[in-house]
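Okay, here's what each chain looks like letter by letter:
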There are 2 protein chains.
Amino acid sequence: MTPYEVKGKVDYSRLLEQFGVQPVTPDLLARIRKPHRLLRTGYFFAHRDFDKILDYYDEHGTFAVVSGRGPSEHMHLAHLLLYMFNLYLQQEFNAYVFVPFSDDEKFFFKDQLELGDVRRYSVENALDMIALGFDPSKTEFFFDTAHMNPKMYSMAVEMSRKVNFSTVRAVYGFAPETNIGLLFYPALQAMHILYPEVERSLPVVVPIAIDQDPHVRVSRDVAAKMGLFKPATLESKFMKGLSGEAKMSASEQETSIFTTDKPEAAAVKVMNAFTGGRATVEEQKVLGGIPEVCPVYEYQHLFFFDDAKSEKLYKDCTGGKILCGECKGNLARYVKSFLAEHQKRREEARHKLDMFIMKH
Amino acid sequence: MTPYEVKGKVDYSRLLEQFGVQPVTPDLLARIRKPHRLLRTGYFFAHRDFDKILDYYDEHGTFAVVSGRGPSEHMHLAHLLLYMFNLYLQQEFNAYVFVPFSDDEKFFFKDQLELGDVRRYSVENALDMIALGFDPSKTEFFFDTAHMNPKMYSMAVEMSRKVNFSTVRAVYGFAPETNIGLLFYPALQAMHILYPEVERSLPVVVPIAIDQDPHVRVSRDVAAKMGLFKPATLESKFMKGLSGEAKMSASEQETSIFTTDKPEAAAVKVMNAFTGGRATVEEQKVLGGIPEVCPVYEYQHLFFFDDAKSEKLYKDCTGGKILCGECKGNLARYVKSFLAEHQKRREEARHKLDMFIMKH
């Protein structure tokens, strides 16, 4: 597994050990007045130094969240889930949220993309975030190629001297054919992640899917070399794709629900989803379904339900009381209604975009 | 020899062959109304595609010159000589002159430099250029870390996708320990060199010392991949240091004359110079001196003399008519008087700097 590829089944407890990250424990959650469902249910299951962020919060009543977006496509629901969590951090902890759009990285990484493409997706993705309800006085967007300025560039320049080829080769698996843009990108990422500390003196937490941990480790090394607070992380599992694969991927159009999908089309994707059902109705009524492997359960659980509803569905499924057709029909309705409402808000967001762009 | 190191004696005819560049021939010079002394005397002895630049000039009456400066120190006379030549190109060919200051590269390359240092030297070096008399309506300066903007950064991003690690490793001799800033720099250099063509549709010639040829070759490859005119070059020999070494180097303070040296101190450096003299006065009167190895001859020849004076000194030296003490005394006077005048002009240049900075 590299930051650029996640395939197959994922053993999360092994990752915990392999990456040397801390588990999110009941003790940690007890320090939070209203822990988010994604924390309580173990979706964010690991962290680095988030306890130190809470220490800072206890004293200062705020911290910074950095949550970058690689704009190679429209956002899908797993992406949106992350920004829903960021919004919670902003609202619950009075957090400043910085969103760098690494259009440059996506351009370096995908030969078929032109700068016009990644810039267009930056705007489209930003609309999804604004639609969620971020507070423009505490949220800043920065599109690398569209907004680069001396302050941000100089920060990347300073950080790039702290990272050498050996390191990026080891962390990212770069090869001789790798273009020099991609080789430089870890410096830009470190700049993104450390910007709130350098410019606003706020310690940073980076909520990420765990496959992005190596990125943050490079930035933590840079921070240490510069005498800065090492950015903390909250690390999540992956949200399944509709075909049941480990991680919803924007490159697999048919198994991801995009925020811009027509609601009816998204409903069709749901109805075609893989489920945790059994071979026959009879078998399922006796043995029950398997929600652990089921994206249809997961979407409802993570995205649409509170604890009580989620627990009820789990019991009904494992008890054989609800069958997959009905369950998919429910999710399809939730998705349709969510998308209709979200798409209205994201169009309204177009005229608000400028309020969120970093002012030099 | 790499772009970062020139030591020992240099065999220029071997370099011509090794780099695959064209010699500056009498036929080429015959196309120029008033060839500069540095062209006529063989200091600029090689080129790539400069004939094509002359073709363009014949039709359009202009072209672009890109002449970057790595601001790690004050400028010395060999640096200044290059910009005197650039000024000639501007005046003789109505050329647009673009001067990118690669403060970032110097920062990547020299661990002991801070950003504040390279930015200060950028300004100091710019003053030297302005003092020479460049026309602000046809000259643009760009300091990488102080002036980076979306247009220039995006250009570098586009170009970085055309260059991979193998190439920069082969051309620059980069190692695993090389920081990722330096790995990325060739993309910035390509952006610098190709900017006049991309933004002003002007073909570019880059006057350089021949050790910088690999830099330009990378940019030529990028240009070819982007369907642009491949930047031409005019390639010079090195100006000797005062100790007689092949290339005056700013890192050897005592053997270089800096534009900011106190005139008296510069005169002392001249009086301590290595010369092409013989072991004894008697021997020299019989055998004559050896101007070919003598920096004291070279400075007068390249910097202060016209053809007639230069020829006379050559004859007087090889004929044993002038001895090294007298000759050094002459050069010391020229240097003192030049520096006094230049330093006055470069102080006057301070309030003109803003006229030369790229406006977005």
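> Please clarify how the side chain of Thr139 of chain B should be interpreted in this entry.
All names here are of chain B. Following the sequence through the fold, Thr139 ends up in strand E5 (residues 139-143). Here Thr139 falls in the buried class, since its relative accessible area comes to 4%. Side chain to side chain, Thr139 and Gln90 meet in a polar contact 2.9 Å long. Polar side-chain contacts of Thr139 include one of 2.7 Å to the backbone oxygen of Asp135. Excluding residues within four positions of it along the chain, Thr139 makes contact with Gln90, Val97, Phe134 and Phe356.

> What is the right way to read the nonpolar core from this model?
Among the nonpolar cores identified, the biggest contains 86 residues, and Met148, Met152 and Met191 of chain A together with Met148, Met152 and Met191 of chain B are the most heavily contacted of them. Here Met152 of chain A is in contact with Phe98, Phe142, Met191, Tyr195 and Met358 of chain A, once residues within four sequence places are set aside.

> Help me out: how do you make sense of the interface of chain B and chain A in this one?
Often the size quoted for an interface is simply the accessible area lost on bringing the parts together. With 40 residues of chain B in contact, the opposing surface of chain A contributes 40 residues. For the chain B and chain A pair, buried surface summed over both sides reaches about 3,200 Å², with 65% attributable to carbon and sulfur atoms. The three residues of chain B that bury the most area against chain A are Tyr153, Arg161 and Ile180 of chain B, which together make up 28% of that side's buried surface. Where chain B touches chain A, the interface holds four salt bridges. Residues Glu114 of chain A and Arg161 of chain B are paired through a salt bridge, measuring 3.6 Å at the closest nitrogen-oxygen approach. Taken together, the links from chain B to chain A amount to 22 residue pairs in polar contact (both at pLDDT 80 or more). For the side of chain B that touches chain A, the leading source of residues is helix H11 (residues 180-200) of chain B, giving seven residues.

> Just checking my understanding: could you explain the sheet that holds strand E1 (residues 22-23) of chain B for this structure?
Across a sheet, strands are paired by hydrogen bonds formed along the backbone, either parallel or antiparallel in direction. Residue and element names in this part refer to chain B. Pairing is mixed across the open sheet formed by seven strands, whose spatial order is E1-E2-E7-E6-E3-E4-E5. Each end of this open sheet is capped by a strand with a single partner; those strands are E1 and E5. Pairing between strand E4 (residues 96-101) and E5: five bridges, direction parallel. Each bridged residue has a counterpart across the sheet, and for Val99 the counterpart in E5 is Phe141. Across the face of the sheet, H11 comes into contact with strand E3 (64-66), E4, E5 and strand E6 (204-209) while running at roughly 140 degrees to E4.

> Got a minute to help me understand the sheet that holds strand E3 (residues 64-66) of chain A in this structure?
All names here are of chain A. Strand order in the open sheet made by the seven strands is E1-E2-E7-E6-E3-E4-E5, with mixed pairing throughout. Of all strands in the sheet, those with a lone pairing partner are strand E1 (22-23) and strand E5 (139-143), marking the two edges. Of the strand pairs in this sheet, strand E2 (residues 44-48) and strand E7 (residues 232-236) are connected by four bridges, and their pairing is antiparallel. Across the sheet, Phe44 pairs through a bridge with Ser236, a residue of E7. Lying over the sheet, helix H4 (residues 50-60) contacts E2, strand E6 (204-209) and E7, oriented at roughly 125 degrees with respect to E7.

> Explanation requested: the relation of the copies chain B and chain A in the structure shown.
Between the two copies of the chain lies a rotation about an axis combined with a shift along it. Mapping chain B onto chain A calls for a screw motion: a turn of 180 degrees about the axis and a shift of 0.1 Å along it, with 0.1 Å RMSD after fitting. As the rotation angle and translation indicate, the two copies are arranged about a two-fold axis. Residue Asn149 of chain B, judged by its C-alpha, is the member of chain B lying nearest the rotation axis, at 2.5 Å. Comparing interface residues between copies, 100% of those in chain B also lie at the interface in chain A; the contact surface is shared.

> Just to check I follow, could you spell out the packing of aromatic side chains for this structure?
Each aromatic ring pair is characterised by the separation of its centres together with the angle its planes make. Scanning all chains against the criterion turns up 44 aromatic pairs over all chains. Here Tyr12 of chain A and Phe238 of chain A contribute two aromatic rings whose centre-to-centre distance is 5.9 Å and whose plane-to-plane angle is 55 degrees, an arrangement assigned as tilted. Pair noted here: Tyr12 of chain A is in helix H1 (residues 12-19) and Phe238 of chain A is in the loop between E7 and helix H13 (263-271), with a separation of 226 residues, a long-range link. Taken together, a centroid distance of 6.4 Å and an interplanar angle of 90 degrees make the contact between Phe50 of chain B and Phe63 of chain B edge-to-face.

> When you look at the pattern of salt bridges in this model, what are you seeing that I'm missing?
Pairing between side chains of opposite charge can happen when their charged atoms approach one another. Overall, the coordinates contain 52 salt bridges over all chains when judged by the stated rule. A salt bridge links Asp261 of chain B to Lys269 of chain B; the nearest nitrogen and oxygen atoms lie 2.7 Å apart. Comparing Asp261 of chain B with Lys269 of chain B, the two get one shared label, buried. Connected via shared salt-bridge partners are Glu124, Asp128, Arg346, Glu347 and Arg350 of chain A.

> What exactly am I supposed to notice about a nonpolar patch on the surface here?
A contiguous nonpolar surface patch, about 210 Å² in accessible area, is contributed by Phe274, Ile290 and Val293 of chain B. For Val293 of chain B, the position within the fold is in the loop between helix H14 (281-287) and helix H15 (295-304).

> Would you mind going over helix H9 (residues 150-160) of chain B with me for this structure?
In an α-helix, one full turn covers 3.6 residues, which means residues spaced three or four apart are oriented alike. Residue and element names in this part refer to chain B. Counting buried positions over the 11 residues of H9 gives eight, a clear majority of the element. Met152, Tyr153, Ser154, Met155, Ala156, Val157, Met159 and Ser160 are the residues of H9 that are buried. The N-terminus of H9 is capped by Asn149, whose side-chain oxygen sits 3.0 Å from the backbone nitrogen of Lys151.

> Looking at this structure, how should I read the environment of Asp261 of chain B?
Residue and element names in this part refer to chain B. For Asp261, the location among the structural elements is in the loop between strand E7 (232-236) and helix H13 (263-271). Sequence separation between Asp261 and Gln343 is 82 residues, and the spatial gap between their C-alpha atoms is 9.2 Å. Every residue in contact with Asp261, bar those within four places of it in the chain, is listed here: Ser256, Ala266, Lys269, Leu339 and Gln343. At 2.7 Å, the side chain of Asp261 forms a polar contact with the side chain of Lys269.

Calculation notes
- Residues numbered from 1 in each chain as written.
- Chains lettered and ligands numbered in written order.
- Predicted model: local features only at pLDDT ≥ 70, side-chain atom pairs only at ≥ 80, totals over all residues.
- Heavy atoms only, no water.
- Helix = DSSP H or I, 4+ residues; strand = E, 2+ residues; numbered from the N terminus.
- Buried < 20%, exposed > 50% of the residue type's maximum accessible area, 1.4 Å probe, protein only.
- Polar contact = N/O pair within 3.5 Å; in protein donor to acceptor, adjacent residues only side chain to side chain.
- Contact = heavy atoms within 4.5 Å.
- Core = buried A, V, L, I, M, F, W, Y, C linked by side-chain atoms within 4.5 Å.
- Buried area = accessible area lost by both parts, 1.4 Å probe.
- Salt bridge = Lys/Arg side-chain N within 4 Å of Asp/Glu carboxyl O.
- Pairing = 2+ DSSP bridges.
- Axes fitted to C-alpha atoms, helices over the stretch in contact; angles between N-to-C directions.
- Least-squares fit on C-alpha atoms with pLDDT ≥ 70 in both.
- Phe/Tyr/Trp six-rings, centres within 6.5 Å; stacked < 30°, edge-to-face > 60°.
- Patch = residues over 30% accessible without salt bridge, like charges linked within 9 Å, V, L, I, M, F, W, Y side chains within 5 Å.
- Areas by Shrake-Rupley, 256 points an atom, 1.4 Å probe, with all protein chains shown as cover.

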